[in-house]
Amino acid sequence: MTGNLQAIGFIASWVLGWGIGGSLIDAGLINAGVYEIGVNQLGTLTTFSAWSLLWGWLGYWLFQRFTGSKAKLP
């Protein structure tokens, strides 16, 4: 597989993991009664924000680990 196809596959997998993971966490919190989806969207916003930051940090860490890059976030 060429480098471009690998990158496209990685990004597609990463986006799917982000979306599915966030949805599963959100559904679990709703089912546990932590918050209700129809009443307030603050719980969903908090879950979305926290999961996005965690997932993004993990991707950045893996990128540095696998590429040996010392690039820093702005």
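Preceding this paragraph is the structure being described.
Residues numbered from 1 in each chain as written. Predicted model: local features only at pLDDT ≥ 70, side-chain atom pairs only at ≥ 80, totals over all residues. Heavy atoms only, no water.

S.K.: Help me understand the environment of W51, please; the structure alone is not making it clear to me.
M.R.: For W51, the location among the structural elements is in helix α2 (residues 42–67). With 15 residues separating them in the primary sequence, W51 and E36 have C-alpha atoms 18 Å apart. When residues no more than four places from it in sequence are discounted, the contact partners of W51 are G17, W18, G21, G22 and I25. From its side chain, W51 meets the backbone oxygen of W18 in a polar contact 2.8 Å long. (Helix = DSSP H or I, 4+ residues; strand = E, 2+ residues; numbered from the N terminus. Contact = heavy atoms within 4.5 Å. Polar contact = N/O pair within 3.5 Å; in protein donor to acceptor, adjacent residues only side chain to side chain.)

S.K.: Explain the packing of helix α1 (residues 3–31) against α2 here, please?
M.R.: For any two helices packed against each other, one specifies the inter-axial angle together with the distance between the axes. Packing of α1 against α2 brings their axes to within 10 Å, and their N-to-C directions diverge by 145°. The chirality of how α1 crosses α2 is right-handed. In this structure, α1 contributes W14, G17, W18, G21, G22, I25, D26 and L29 to the contact, and α2 contributes T44, T47, F48, W51, S52, W55, L58, G59 and L62. Each residue belonging to the contact of α1 with α2 can be placed in one class, and the counts come to nine nonpolar, seven polar and one charged. (Axes fitted to C-alpha atoms, helices over the stretch in contact; angles between N-to-C directions. Left-handed = near helix turned anticlockwise from the far one by under 90°. Nonpolar A, V, L, I, M, F, W, Y, C, P; charged D, E, K, R; others polar.)

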